[in-house]
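Remarks on the overall topology
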Amino acid sequence: MEVLKIATAGSVDDGKSTLIGRILYDTKSLTSDKLEAIEKTSKQKGYDYLDFSLATDGLVAEREQGITIDVAHIYFSTQTKSYIIADTPGHVEYTRNMVTGASTSQAAIILIDARKGVIEQTNRHFFINNLLRVKEVIVAINKMDLVDFSEDIYNKIKADFETLMEKRDYQDQNITFIPVSALKGDNVVHKSKNTPWYKGQTLLEHFEVLDTQDVYNVGTPRFPVQYVIRPKTEEFHDFRGYAGKVYGGELSVGDDVVALPSQTKSKIKEIYLYDQSYQTASRRSSVTITLEDDINVSRGDMLVKVDDLPTIDKQFTATISWMDSQNLVTGNKYVLQHGVNKVLAKVDAIHHKIHPDYSGIEENISALGMNDIASVTFKLNKPIFFDRFKNHRTNGSFILIDSQSNNTVGAGFIQ
Amino acid sequence: MTKDTSKVNPLENEAIYIIREVAAQFEKPVLLFSGGKDSITLVRLAQKAFYPAKIPFPLMHIDTGHNFPETIAFRDALVKELGLELIVRNVQDSIDEGKVKEESGRYASRNSLQTTTLLDAIEEFKFDACIGGARRDEEKARAKERIFSVRDDFGQWDEKNQRPELFDMLNGQINLGQNVRVFPISNWTELDVWSYIERENIEIPSIYFAHTRETFLRDGLIWSSDDEVVYRDENELVEERLVRFRTVGDMSCTAAVLSDAADIASVVQEIRDSTISERGARIDDKRSEAAMEKRKQQGYF
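Conventions adopted
Residues numbered from 1 in each chain as written. Chains lettered and ligands numbered in written order. Predicted model: local features only at pLDDT ≥ 70, side-chain atom pairs only at ≥ 80, totals over all residues. UniProt positions renumbered as here; feature names shortened; annotations may be inferred. Helix = DSSP H or I, 4+ residues; strand = E, 2+ residues; numbered from the N terminus. Rg over C-alpha atoms; globule rule 2.2 N^0.38 Å. Contact = placed C-beta atoms within 7 Å. Buried ≥ 20, exposed ≤ 12 C-beta atoms within 10 Å, placed from the backbone. Pairing = 2+ DSSP bridges. Axes fitted to C-alpha atoms, helices over the stretch in contact; angles between N-to-C directions. Nonpolar A, V, L, I, M, F, W, Y, C, P; charged D, E, K, R; others polar. Domains from an automatic or database assignment. Expected span 1.5 Å × (residues − 1). Arc of directions from axis to C-beta. Core = buried A, V, L, I, M, F, W, Y, C linked by C-beta atoms within 7 Å. Parallel < 35°, antiparallel > 145°, perpendicular 65-115°, else oblique. Left-handed = near helix turned anticlockwise from the far one by under 90°. pLDDT = per-residue confidence, 0-100. Right-handed = clockwise from strand over helix to strand, strands pointing away.

Looking at an unreviewed UniProt entry, chain B carries the name Sulfate adenylyltransferase subunit 2, with the source organism given as Gelidibacter salicanalis. One UniProt comment on chain B, placed under Sequence similarities (unreviewed entry), says "Belongs to the PAPS reductase family. CysD subfamily."

As recorded in an unreviewed UniProt entry, chain A goes by sulfate adenylyltransferase and comes from Gelidibacter salicanalis.

Within chain A, the regular secondary structure consists of seven helices and 24 strands. Relative to the globule expectation of 22 Å for 415 residues, the C-alpha radius of gyration of chain A, 24 Å, shows essentially globular dimensions. Reported as C-alpha extents along the three principal axes, the dimensions of chain A are approximately 70 × 55 × 40 Å. Of all intrachain contacts in chain A linking residues separated by at least 6 positions in sequence, the fraction that spans at least 24 positions is 71%.

For helix H4 (residues 95-103) of chain A, the buried fraction is high: nine of the nine residues fall into the buried class. Of the positions making up H4 of chain A, those classed as buried are Thr95, Arg96, Asn97, Met98, Val99, Thr100, Gly101, Ala102 and Ser103 of chain A.

Moving on: the sheet that holds strand S2 (residues 72-77) of chain A. All names here are of chain A. Spatial strand order, S2-S3-S1-S4-S5-S6: six strands in an open sheet with mixed pairing. Each edge of the sheet is formed by a strand with only one pairing partner; in this case those strands are S2 and strand S6 (174-179). Direction aside, neighbouring strands of the sheet carry axes that sit 25° apart on average. Bridging between strand S1 (residues 2-9) and strand S3 (residues 81-87) involves seven bridges; their strand directions are parallel. What sits directly across from Glu2, in S3, is Lys81.

For the rest of this paragraph, the subject is the environment of Asp160 of chain A. Residue and element names in this part refer to chain A. Topologically, Asp160 is positioned in helix H6 (residues 151-165). Given 15 C-beta atoms within a 10 Å radius, Asp160 is considered partly exposed. Counting along the chain gives 41 residues from Asp160 to Ile119, while the straight-line C-alpha distance between them is 9.8 Å. Beyond its immediate sequence surroundings of up to four residues, Asp160 is in contact with Gly117 and Val118.

Contacts between the two partners involve 58 residues from chain A and, on the opposite side, 51 residues from chain B. Ranked by residue count, the leading element in the side of chain A that touches chain B is S2 of chain A, at five residues. When the residues that make up the side of chain A that touches chain B are grouped by side-chain class, the tally is 23 nonpolar, 25 polar and 10 charged. Strand direction decides the pairing type here: strand S13 (residues 280-281) of chain A and strand S1 (residues 2-3) of chain B, joined by two bridges, are parallel. Pairing of Thr280 of chain A across the sheet is with Thr2 of chain B, part of S1 of chain B.

A few words on unusual backbone geometry. Here the bond from Leu260 of chain A into Pro261 of chain A is cis, since omega is 10°, no more than 30 degrees from zero. Along the chain, Pro261 of chain A falls in the loop between strand S10 (256-260) and strand S11 (264-273). In this model, Tyr51 of chain B is joined to Pro52 of chain B through a cis peptide bond whose omega is 5°. Along the chain, Pro52 of chain B turns up in the loop between helix H2 (37-50) and strand S3 (59-63). At Arg133 of chain A, a position not held by glycine, the phi torsion is positive, near 60°. For Arg133 of chain A, the location among the structural elements is in the loop between helix H5 (120-131) and strand S5 (136-142).

Structurally, chain A comprises domain 1 (2-209), domain 2 (222-305) and domain 3 (311-414). Each of domain 1 of chain A and domain 2 of chain A has a C-alpha centre, and the two are 41 Å apart.

Residue and element names in this part refer to chain B. Taking 1.5 Å per residue as the helical rise, helix H3 (residues 69-82) with its 14 residues ought to reach 20 Å, and the 20 Å between its terminal C-alpha atoms agrees with that figure. For H3, every residue scored as buried is listed here: Thr71, Phe74 and Arg75. Down the axis of H3, the smallest arc covering the buried residues is 105°, so these residues share one side. Across H3 from its buried face, at more than 90 degrees, point the exposed residues Pro69, Ala77, Lys80 and Glu81. If you follow the buried residues of H3, they end up packed against S3. Where H3 ends, the next residue or the one after it, Gly83, has phi of about 65°, a positive value.

In this section: the sheet that holds S1 of chain B. Across the sheet, which stays open at both edges, the three strands sit in the order S9(A)-S13(A)-S1(B) with mixed pairing between neighbours. In this open sheet, the two strands that pair with only one neighbour each are strand S9 (251-252) of chain A together with S1 of chain B.

Let us now look at the nonpolar core. With 174 residues, the main nonpolar core has Ala108 and Ala140 of chain A together with Ile19, Leu31 and Val182 of chain B as its most contacted residues. Counting residues per element, this core draws most heavily on helix H1 (residues 10-25) of chain B, which supplies eight residues. Apart from residues lying up to four places away in sequence, Ala108 of chain A is in contact with Ile6, Ala7, Ala9, Ala102, Asn129, Val134 and Val137 of chain A.

Turning to the packing of H2 of chain B against helix H6 (residues 190-200) of chain B, a few remarks are in order. Residue and element names in this part refer to chain B. Relative orientation of the contacting elements H2 and H6 amounts to 50°, with a least axis distance of 10 Å. Between H2 and H6, the interaxial angle falls into the category oblique. Handedness of the crossing formed by H2 with H6: left-handed. Counting all contacts with H2, which are made through Lys37, Asp38, Thr41 and Arg44, the residues of H6 involved are Val193, Tyr196, Ile197 and Glu200. When the residues that make up the contact of H2 with H6 are grouped by side-chain class, the tally is three nonpolar, one polar and four charged.

Bringing the confidence of the model for chain B into the picture now. Residue and element names in this part refer to chain B. Residues of chain B with pLDDT of at least 70 account for 88%, and the chain-wide mean is 84. Across chain B, strand S2 (residues 29-32) holds the top mean pLDDT of 98, while helix H8 (residues 285-297) sits lowest at 37. Reported confidence for the predicted complex is 0.94 by ipTM and 0.92 by pTM.

Here we take up the pairing of S5 of chain A. Residues and elements named next belong to chain A. Across the seven residues that make up S5, a large majority, seven, are buried. Neither face of S5 is left uncovered, since the one carrying Glu136, Ile138, Ala140 and Asn142 and the one carrying Val137, Val139 and Ile141 both have all their residues buried. Strand direction decides the pairing type here: strand S4 (residues 107-113) and S5, joined by seven bridges, are parallel. Looking across to S5, one finds that Ile112 is bridged to Ile141. In this fold, S4 hands off to H5, which returns the chain to S5; that crossover is right-handed. Pairing analysis gives six bridges linking S5 to S6, with the strands arranged parallel.

Residue and element names in this part refer to chain B. Considered domain by domain, chain B is made up of domain 1 (10-190) and domain 2 (209-297). Averaged C-alpha coordinates put domain 1 and domain 2 at centres separated by 26 Å. If you look at the interface, domain 1 gives 15 residues, while domain 2 gives 11 residues. Its residues placed into classes, the side of domain 1 that touches domain 2 shows two nonpolar, nine polar and four charged.

Moving on: the packing of H1 of chain B against H2 of chain B. All names here are of chain B. Where H1 meets H2, the closest approach of the two axes is 9 Å, and the angle between their N-to-C directions is 70°. What the angle tells us is that H1 and H2 run roughly perpendicular. Side by side, H1 and H2 meet where Glu12, Ala15, Ile16, Ile19 and Arg20 of the first sit next to Leu45, Ala46, Lys48 and Ala49 of the second. Here the residues of the contact of H1 with H2 sort into six nonpolar, no polar and three charged.

Below you can see the structure in the form of structure tokens.
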């Protein structure tokens, strides 16, 4: 089954819970006891409709109680796909969660309240999804029922958003506008009779026909070695297999490869997983690779095609999303985890802070606080093999780990 | 042939990646094995991750003493076949040592007592990573669980202070005294697990398939009758029923469902049907009857 992971972004009152609840309801993914509870509570509150925000009630309660707001995962499936919704709260201060949710998603839904139009929060949601290079973005213009399903209002919001799109860095992002009413169910799963002027797909239809291969950003093949398999049994006495996941492109038996950092050349001898051998390993496959030559490769090393080398350097500049309460300041040292490789990194310079709402940059910065996004240069204790984030979503990103607390304190996208 | 990704099984690729990260990042990992379908799936994924080498960590079963005998027999056969190391720690020992107190009465179960035995075992063997078969779709709190979930000395989960997990990168660095619970099938649903078992032709204990069993009814649930382990009132009459188990835990806390699904294909179909109407439904006879009814409408016997 194909899997599509979708991040959602919207302010608290934009109807995000209602939209998720509506999707679950209309795809018949709600349990009968939950449905009964929704019907009962809706009736108690005197509504003449069903309050679907109750479908994600755990999250709502969390908001009401004001405790930690965190990424939650919601699952449902149709005949064609399994869906994972990473529900990320949309408050200004939750940049960290939005970045996290977007990093593992191939699609995103940005909710806009039709009565309010494009607001500052919308800029942030779009900025982060664009920064993280989420391929598919749906702008769901919600609460259309409260503006009489007005085509003019829809067009006005669409035009405002298109102005915002001119500022984006990642131009290849697919952006689709859909007028919806999550509460009443218009254009979420089923086509609405209330929007005869809208000729496009419903939200779910759009996801259903998406080719899940297409939503992954293509790059050149990179094979970071996770683990070296040496059975040392009689049957596999001299066996040496490199276990890992293929990123960016595909690798095939017979490909001329280079092992980094040693720069030793060899050829792919076999690709297999378990007792099956394969001619080709496509993107995102977990496989084991053997080489023609007995060369020294260990965890953190990388196999790449000879004519497709990444940058090998001890210094680079990256856009950082800071996620810790302790500030990042020049001179600080962190463990930098790049894929499965770890090195030590020192903050060489903070260039400027980037306002995540397209309102510009702020120079002469000495420290970064939680939720700040900034351009930072790092120096490493040894070289890593990277691509620019814009060319390779996996090999161009890294996390920063505080060596005292061992917590993940930031994420970086190499410029 | 191409080792493909999304079209075949992206969840398998993800799980294997996670399991390999555990072996690479931790010194003493262990796979928590209950004999249920989720942990059996984990064993297959771990086999795949390291083939042709053996799984480089042991399995550990926290045995409540209330397991179905079929589960224990299955466990022992599996370990023997794969040549794996199995550690068993018994809740009975924790009870005998006075560390936990046995519950009594109608709903007595050893389910919650397992934690103490588990934490003691983690300390005894100095395990730094415990791989488990929990899935995020099981319940609300789990929906927020990380793939690498850091626990303190007391095994506690600080949900308010979880590490962000970005892209594929898993941060396994921990402080002294901490350990990590790892959930490779976090993103799988119940149906994903069953479909995988079907596709991979994985053997599972016989109690997952329809069989005739001595049972009694309580609170609308079908309980397995075993007077040694499961408390039963005199007026709770034992009757033979054609049942199977949708989840397998202790006899004292796992209810059966009426079913005639005798093979894996019919089980998958049954789950699929019940998913359509009631995804994530907890087991009870009422719901499974609806599923069976639906199958029969579709021409099933």
